[in-house]
Amino acid sequence: MDILNALTAFANFILVPGLAYGSQLALGALGVTLVFGVLRFSNFAHGDTMAFGTAFVIMFTWWFQSMGISFGPLPTALLALPFGIAVTAAFVLGTDRVVYRFYRQQKAKPIILVIVSTGVMFVMNGLVRILIGTSERNFADGERMLLNPQDWKAWTGLAEPLAIKTTAVVSIVVAVLSVALLFWFLQKTRTGKSMRAYSDNEDLALLSGINPDKVVAVTWVLAAALATICGTLYGLDKSFRITVYFGLLMPIFAAAIVGGLGSPLGAIVGGFVIAFSELIITSAWKKIGSYLLPDSWLGDGLYQALSTDYKVAVSFAILIIVLLFKPTGIYGAK
Amino acid sequence: MAEPFLIGEAMTGGYGPVDILHSCTIAVEKGEIAVIVGPNGAGKSTAMKAVFGMLNLRQGAVRLGGEDITKLSPQARVRKGMGFVPQTSNIFTSMTVEENLEMGAFIRSDDTIAQTMEQVYDLFPILREKRHQPAGQLSGGQRQQVAVGRALMTQPRVLMLDEPTAGVSPIVMDELFDRIIEIARTGISILMVEQNARQALEIADKGYVLVQGSNRFTDTGKALLADPEVRKSFLGG
Amino acid sequence: MTRYRNLWLFAGVALLFVATGAMLSWNLSLQILNLALLSAIMAVGVNIQWGYAGLFSTGVVGSVALGGLAVVLVSGKPVPAGWEAGGPRVLSALLFAALAVALAVWLYRKLQAGPKRSLALVLFGVIAFFIYRGLLDPAVMAIEANNPSQAGHIGGLGLNSLLAWPFGALLAAGAAWLIGKVALGLRADYLAIATLGIAEIIIAVMRNEDWLDRGVKNLIDIPRPWPVPKEVDLQASPAFLDPMLAMGLDPVTGSSIFVKLIYAGLFGIVLVALIWLTERALNSPWGRTIRAIRDNEISAAAMGKDVKFRHLQIFIIGSAVVGLAGAMMTSMDGQLTPPSYLPLRFTFLIWVMVIVGGSGNNWGAVLGGLLIGWLYLAVEFLGPQAMEYITAGLPSGPVKDHLRESAAHMRLLSLGVVLLLVLRFAPRGLIPEK
């Protein structure tokens, strides 16, 4: 019984949040890795693209709510998602046209594109602030809890209540659907295959008659969609705040590099590696331990390796380990 | 005599301000094999790239089937029926053999792609066996087969190969040359650059010996092999 | 011709400061000037990294913050009770951590590669980490329990603030060494990403480790550096008051301007010395090697130059210069406020300065620092006022509030637009590299 209670506590504090957060990071890292694979630079504007997309999703959500449209027990934001994606994709394509395309034609060094992307980051950051401000926004509606802790207690008779937030499950389900769709697109469609071919060997792709402009445009649309979905899911699960989204860059980059920049599968694995490491290291294990060990053994510590203020240190440490021992990441080829 | 099917005539040019090619002429007839040989740095690959449009020509012209294609980009030449197999990085390593072939047929929109793929598999049976393996996991010789197969997928009228046997064993080389002869028999012209001059000239209908970006000797493969001067200077006696 | 062009550019920037002083207030103008001078020094540091070696770091703010921390540790007021409560124990915990890392490196080299080694090292790391926490935590609790409303930290050495400046450079150099060791020699993107991370960690430490610097409770009353008097002392000193009154100036404003002028002089001296040093270095054989590496890494490596080592050197030197400026800034402010270390202000703004000024040219970096510094800060001070003026005719309500709020955000947007425009249309900047 105690083991079951401990497992429930583990699910509460580590497993469910980890799956949700891991799904979100995986989507973010996928966007970064796609842009890296095709355009060959680390896009520092990705965090703010997420914020930009989420800001529009929030505004569409408000509009829908004001018209009385809702999605039943699910968050209205899911209905607003396609509209947010459309606006973000349009903006990102515009950015490519007026900013990135020039450097691509110049065959500029990747680092120049990295710097340019920080310029784009500023612009998007400023726009989001003007649009929606810097304060925290909560836009999750619908049913708050998918699994009510009281119900769980009643069913199982366990002391530890299991609480599963709707937004956590929404995160996981939407992420699984998005990833399945993305992989189907990359593996099975002609355009998707041409994207992979271009990412694998640009010169040969050109020789094969693959249109680079189309590949780049599709990549940006996918990156915008992934960023908006990732940002919206994160915002639903926690809350939306522009400065937090800039902070998500670090775990997302770490996830993409752990998996191997340019590898979609690696991005997903990396996302979960980072999410679970972060939770395992910054969670207080006392509650879980209290079911397994006598109280007198535990003392009054929280059994927390690092405070949550140092979340970023976890992704950073993992990044450093990967850079030291396998800079190409788990699935990196070159 | 009518003009050859593909001809790069009196080509002069280079990558930068310095010319590498000096009035160099390369041509190939329909269904024949033409081989470019010569010492290191003779501009063999450059000559082939010039024919394919990967280099700006200051003088000279390239014509395919009588049509002047000098100004066309390499991509446009692919659409005109030229297939090119680069020396290195000539496959998509992370994609399966079959996907490599599909990408070769990217510009085609007809519904006979599957048929062409069968033809490639008939030519290189090992590829059919490994069709679902990532091409990057294959051996050197098999990779070259994928590379040639990818280029064949466009149903080219001319196939251009840049040192197809670089880095493969002699047995694999012979095998590859046999396949190339087979391809030529189907009516596809072959233009290739080769380091293994003797073996290449043996299968060549026409041979070009280049030295410092100019034509030194031009004759049939047999004649060149028999020419004592060519033997002495370029074939190691 | 270009010589005169550059002079005109500097004269133009000088005019901006004079105009600010004459039209608004000299106090404001000097305040902006001092911050702009500090930004110019930071820009010189970033320019060393980017202009000399093509290294893109997104962690400039981390070096600035470490400089600030150095001031707190070297010249902050001592807190004997706090130190006695746990100072030595904290030191021993840190020493233990350093030893443990060294031992881990030694073990890594000594043991045979394989899963067993990885497992052993992970286990070692976990155990060492908990011993470290066991050593550190009680000491931290004891220190923070000491007079938490006013102290709660270990305190500084109480030395002159000038001594803290080189220490700030040293701290930043140390962090740069660590990060450079790992991230240099890989793709250039990795340095950008790794520096982003280390800067976030440095700032997280400064915000959360109250025992070190009081964290977000801020640390005030850091003594002034040696030659700079306090305004209140000046106002009480007849030697200052008499000439002031004789000239008919308000002693309060006068003292404030006088202090700022001394700071400006100090910063100016440091800046000029730095430029002299960097120019000398750039034209030495060392500088030529560095530029050869930047222009063609592969051929430089083929000629036997140790590219990674040179990059590490440059990265450390550049970070040290930024750390120096960070220390100078905290020493001028007289307080450490960790929440004010924003990447936008101290990383990306400095980048805009370098790129607008002219990458690879020290004078360009200085010009960019002064010009963009003026623009950014003047807008910070004047923007809300201007928006107030613009919106004066509007009825009060959400629209007006929103517009007034947006004024602050416009700065980010314009900064981004300026960066993109300069990169696109004038990538060599105002004063291009020779």
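Residues numbered from 1 in each chain as written. Chains lettered and ligands numbered in written order. Predicted model: local features only at pLDDT ≥ 70, side-chain atom pairs only at ≥ 80, totals over all residues. Heavy atoms only, no water.

**Let's talk about the overall build of chain C**
Here comes step 1: In terms of regular secondary structure, chain C is built from 17 helices and 0 strands.
Here comes step 2: Against the compact-globule benchmark of 22 Å for 434 residues, chain C has a radius of gyration of 24 Å, which places it among compact chains.
Here comes step 3: Dimensions of chain C along its principal axes, counting C-alpha atoms only, are 75 × 60 × 50 Å.
Here comes step 4: Looking at chain C residue by residue over its 434 residues, the buried ones come to 50%.
Here comes step 5: Considering only contacts in chain C between residues 6 or more positions apart, those separated by 24 or more positions represent 82%.
Here comes step 6: Carbon and sulfur atoms make up 70% of the accessible area of chain C, which amounts to about 20300 Å² in all.
Here comes step 7: Seen as two clouds, the 31 positive and the 23 negative side-chain charges of chain C have centres 12 Å apart. (Helix = DSSP H or I, 4+ residues; strand = E, 2+ residues; numbered from the N terminus. Rg over C-alpha atoms; globule rule 2.2 N^0.38 Å. Buried < 20%, exposed > 50% of the residue type's maximum accessible area, 1.4 Å probe, protein only. Contact = heavy atoms within 4.5 Å. Areas by Shrake-Rupley, 256 points an atom, 1.4 Å probe, with all protein chains shown as cover. Lys, Arg positive; Asp, Glu negative; His and termini not counted. Charge placed at Lys NZ, Arg CZ, Asp CG, Glu CD.)

**Focus on the domain arrangement of chain C**
Residues and elements named next belong to chain C.
Here comes step 1: For chain C, the assigned domains read domain 1 (2-78 + 155-425) and domain 2 (79-154).
Here comes step 2: Between domain 1 and domain 2, the C-alpha centre-to-centre distance is 33 Å.
Here comes step 3: Each partner contributes residues to the interface: domain 1 has 12 residues there, and domain 2 has 13 residues.
Here comes step 4: Contact between domain 1 and domain 2 buries roughly 940 Å² in total, counting both sides, with carbon and sulfur atoms accounting for 58%.
Here comes step 5: Together, Gly-155, Trp-211 and Arg-214 form the three largest contributors to the area buried by domain 1 at its contact with domain 2, with a combined 66%.
Here comes step 6: Where domain 1 packs against domain 2, one counts 0 salt bridges.
Here comes step 7: Where domain 1 touches domain 2, the interface holds 6 residue pairs in polar contact (both at pLDDT 80 or more). (Domains from an automatic or database assignment. Buried area = accessible area lost by both parts, 1.4 Å probe. Salt bridge = Lys/Arg side-chain N within 4 Å of Asp/Glu carboxyl O. Polar contact = N/O pair within 3.5 Å; in protein donor to acceptor, adjacent residues only side chain to side chain.)

**A word on the arrangement of the chains**
Here comes step 1: Here 2 pairs of chains are in contact, and chains A and C lead that list by number of contacts.
Here comes step 2: With no contact between them, chain B and chain C keep their nearest C-alpha atoms 18 Å apart.

**Side note on the interface of chain A and chain B**
Here comes step 1: Between chain A and chain B, the residue contacts involve 15 residues of the former and 22 residues of the latter.
Here comes step 2: When the two sides are added together, the surface that chain A and chain B hide from each other amounts to roughly 1600 Å², 56% of it contributed by carbon and sulfur.
Here comes step 3: For Glu99(B), the salt bridge goes to Arg196(A), with nearest N and O atoms at 2.7 Å.
Here comes step 4: In this assembly, chain A and chain B are joined by 8 residue pairs in polar contact (both at pLDDT 80 or more).
Here comes step 5: With 6 residues, helix H7 (residues 190-200) of chain A is the single largest residue contributor to the side of chain A that touches chain B.
Here comes step 6: Looking at the side of chain A that touches chain B residue by residue, the class counts come to 6 nonpolar, 5 polar and 4 charged. (Nonpolar A, V, L, I, M, F, W, Y, C, P; charged D, E, K, R; others polar.)

**A few points about the packing of aromatic side chains**
Between two aromatic rings, the relevant description is the distance of the centres plus the angle of the planes.
Here comes step 1: Across all of its chains, the model carries 25 aromatic pairs over all chains by this definition.
Here comes step 2: With centroids separated by 6.3 Å and ring planes inclined at 50°, the aromatic side chains of Trp165(C) and Phe267(C) adopt a geometry described as tilted. Taken together, the positions of Trp165(C) in helix H6 (residues 161-183) and Phe267(C) in helix H11 (residues 251-282) put the pair 102 residues apart, joining distant regions of the chain.
Here comes step 3: Judged by relative accessible area, Phe267(C) falls into the buried class, the value being 0%.
Here comes step 4: Considering the side-chain rings of Phe240(C) and Phe258(C), the 5.4 Å spacing of their centres and the 55° angle between planes classify their relative orientation as tilted. Taken together, the residues Phe240(C) in helix H10 (residues 238-246) and Phe258(C) in helix H11 connect sequence positions 18 residues apart.
Here comes step 5: A relative accessible area of 9% means that Phe240(C) is categorised as buried.
Here comes step 6: Classification of Phe258(C) by relative accessible area gives partly exposed; the value is 34%.
Here comes step 7: Seen from the ring of Phe5(B), Lys30(B) lies directly overhead, with NZ or CZ sitting 4.0 Å from the centre.
Here comes step 8: It is Arg345(C) that lies over the ring of Phe346(C); its NZ or CZ is 4.6 Å from the centre. (Phe/Tyr/Trp six-rings, centres within 6.5 Å; stacked < 30°, edge-to-face > 60°. Lys NZ or Arg CZ within 6 Å of the ring centre and 35° of its normal.)

**Some remarks on the sheet that holds strand E2 (residues 21-28) of chain B**
Residues and elements named next belong to chain B.
Here comes step 1: Ordered by their spatial adjacency, 4 strands build an open sheet running E2-E1-E4-E5, and the pairing between neighbours is antiparallel. Of all the strands in the sheet, just E2 and strand E5 (67-68) have a single pairing partner and so form its edges.
Here comes step 2: Here helix H1 (residues 44-52) sits on the sheet and contacts strand E1 (6-13), E2 and strand E4 (57-64); the angle it forms with E2, its principal contact strand, is near 70°. (Pairing = 2+ DSSP bridges. Axes fitted to C-alpha atoms, helices over the stretch in contact; angles between N-to-C directions.)

**Description of the nonpolar core**
In globular proteins that are soluble, nonpolar side chains generally tend to be buried together.
Here comes step 1: One finds Ile26(B) and Tyr341(C) to be the most contacted residues of the largest nonpolar core, which totals 261 residues.
Here comes step 2: The dominant element in this core, judged by the number of residues it contributes, is helix H2 (residues 26-53) of chain C, at 16 residues.
Here comes step 3: If you count residues domain by domain, this core takes at least three from each of domain 1 (2-78 + 155-425) and domain 2 (79-154) of chain C.
Here comes step 4: Beyond its immediate sequence surroundings of up to four residues, Tyr341(C) is in contact with Val61(C), Val64(C), Ala65(C), Gly68(C), Ile203(C), Met206(C), Met329(C), Thr330(C), Leu336(C) and Phe346(C).
Here comes step 5: Counting 44 residues, the second-largest nonpolar core is a separate cluster that includes Val35(B), Phe124(B), Val168(B) and Phe177(B). (Core = buried A, V, L, I, M, F, W, Y, C linked by side-chain atoms within 4.5 Å.)

**Focus: the interface of chain C and chain A**
Here comes step 1: Across the contact, 47 residues belong to chain C and 50 residues belong to chain A.
Here comes step 2: When chain C packs against chain A, the two sides together hide about 4100 Å² of surface, and 78% of this comes from carbon and sulfur.
Here comes step 3: Between chain C and chain A we count 8 residue pairs in polar contact (both at pLDDT 80 or more) in total.
Here comes step 4: Where the side of chain C that touches chain A is concerned, the elements lending two or more residues are helix H5 (115-145), H6, helix H7 (188-208), helix H15 (343-357) and helix H17 (398-425) of chain C.
Here comes step 5: Ranked by residue count, the leading element in the side of chain C that touches chain A is H7(C), at 14 residues.
Here comes step 6: Along the lines of polarity and charge, the residues of the side of chain C that touches chain A split into 33 nonpolar, 7 polar and 7 charged.

**A short note on the layout of surface pockets**
Here comes step 1: By volume, the second largest pocket amounts to about 1600 Å³.
Here comes step 2: Forming the boundary of the second largest pocket are 48 residues, of which Arg207(C), Pro339(C), Tyr341(C), Leu342(C) and Pro343(C) lie nearest the centre.
Here comes step 3: Of all the secondary structure elements, the ones that give two or more residues to the lining of the second largest pocket are helix H4 (110-132), helix H10 (242-247) and helix H15 (311-325) of chain A together with H7, helix H14 (307-333), H15, helix H16 (362-390) and H17 of chain C.
Here comes step 4: The element contributing the most residues to the lining of the second largest pocket is H7(C), with 7 residues. (1 Å grid on protein atoms, 1.4 Å probe; cavity = no way out; pocket = protein on both sides within 12 Å on 5 of 7 lines; lining within 4 Å. Points joined across faces, edges and corners; volume = space filled by probe spheres on them.)

**Section: the side chain of Thr33(A)**
Residues and elements named next belong to chain A.
Here comes step 1: Here Thr-33 shows up in helix H1 (residues 2-39).
Here comes step 2: Among the polar contacts made by the side chain of Thr-33, one reaches the main-chain amide nitrogen of Gly-262 at a distance of 2.7 Å.
Here comes step 3: In this structure Thr-33 touches Ala-256, Gly-260, Leu-261, Gly-262, Ser-263, Pro-264 and Ala-267, once residues within four positions along its chain are discounted.

**Some thoughts on the side chain of Ser315(A)**
All names here are of chain A.
Here comes step 1: Note that Ser-315 resides in helix H15.
Here comes step 2: Taking the relative accessible area as the measure of exposure, Ser-315 reaches 0% and is therefore buried.
Here comes step 3: Apart from the residues lying within four places of it in its own chain, the contact partners of Ser-315 are Met-250, Pro-251, Ala-254, Ile-274 and Glu-278.

**Topic: the pairing of strand E7 (residues 158-162) of chain B**
All names here are of chain B.
Here comes step 1: Burial analysis of E7 places 5 of its 5 residues in the buried class, the great majority of the element.
Here comes step 2: Of the strand pairs in this sheet, E7 and strand E8 (residues 189-193) are connected by 5 bridges, and their pairing is parallel. Across the sheet, the residue bridging to Met-160 is Leu-191, located in E8.
Here comes step 3: For the crossover from E7 across helix H7 (residues 170-185) to E8, the handedness is right-handed. (Right-handed = clockwise from strand over helix to strand, strands pointing away.)

**Some words on the pairing of E1(B)**
All names here are of chain B.
Here comes step 1: Taking burial as the measure, the 8 residues of E1 include 6 buried ones, the bulk of the element.
Here comes step 2: Alignment of E1 against E2, held across 5 bridges, turns out to be antiparallel. Bridge assignment links Leu-6 to a residue of E2, and that residue is Val-28.

**Re helix H11 (residues 249-259) of chain A**
Here comes step 1: Taken across its 11 residues, H11(A) has 11 buried, putting it largely inside the fold.
Here comes step 2: Of all the positions in H11(A), only Leu249(A), Met250(A), Pro251(A), Ile252(A), Phe253(A), Ala254(A), Ala255(A), Ala256(A), Ile257(A), Val258(A) and Gly259(A) are classed as buried.
Here comes step 3: Where H11(A) is buried, its residues meet H1, helix H2 (46-66), H10, helix H12 (264-282) and H15 of chain A together with H7 of chain C.
Here comes step 4: Gly260(A), located one to two residues past H11(A), shows a positive phi value of around 105°.

**Remarks on the sheet that holds E7(B)**
All names here are of chain B.
Here comes step 1: Read from one edge to the other, the open sheet built from 6 strands follows the order E6-E7-E8-E3-E9-E10, with strand pairing classed as mixed. With one partner strand each, in any of the chains shown, strand E6 (82-85) and strand E10 (214-219) form the two edges of the open sheet. Recorded for the sheet is a direction-independent mean angle of 15° between the axes of neighbouring strands.
Here comes step 2: Judged from the 4 bridges that link them, strand E3 (residues 33-37) and strand E9 (residues 206-211) form a sheet pairing that is parallel. Along E9, the bridge assignment pairs Ala-34 with Lys-206.
Here comes step 3: On top of the sheet, H1 reaches E3, E6, E7, E8 and E9; it is set at about 150° to E7, its chief contact.
Here comes step 4: Contacts from H7 reach E3, E7 and E8 within the one sheet, and its direction differs from that of E8 by about 145°.

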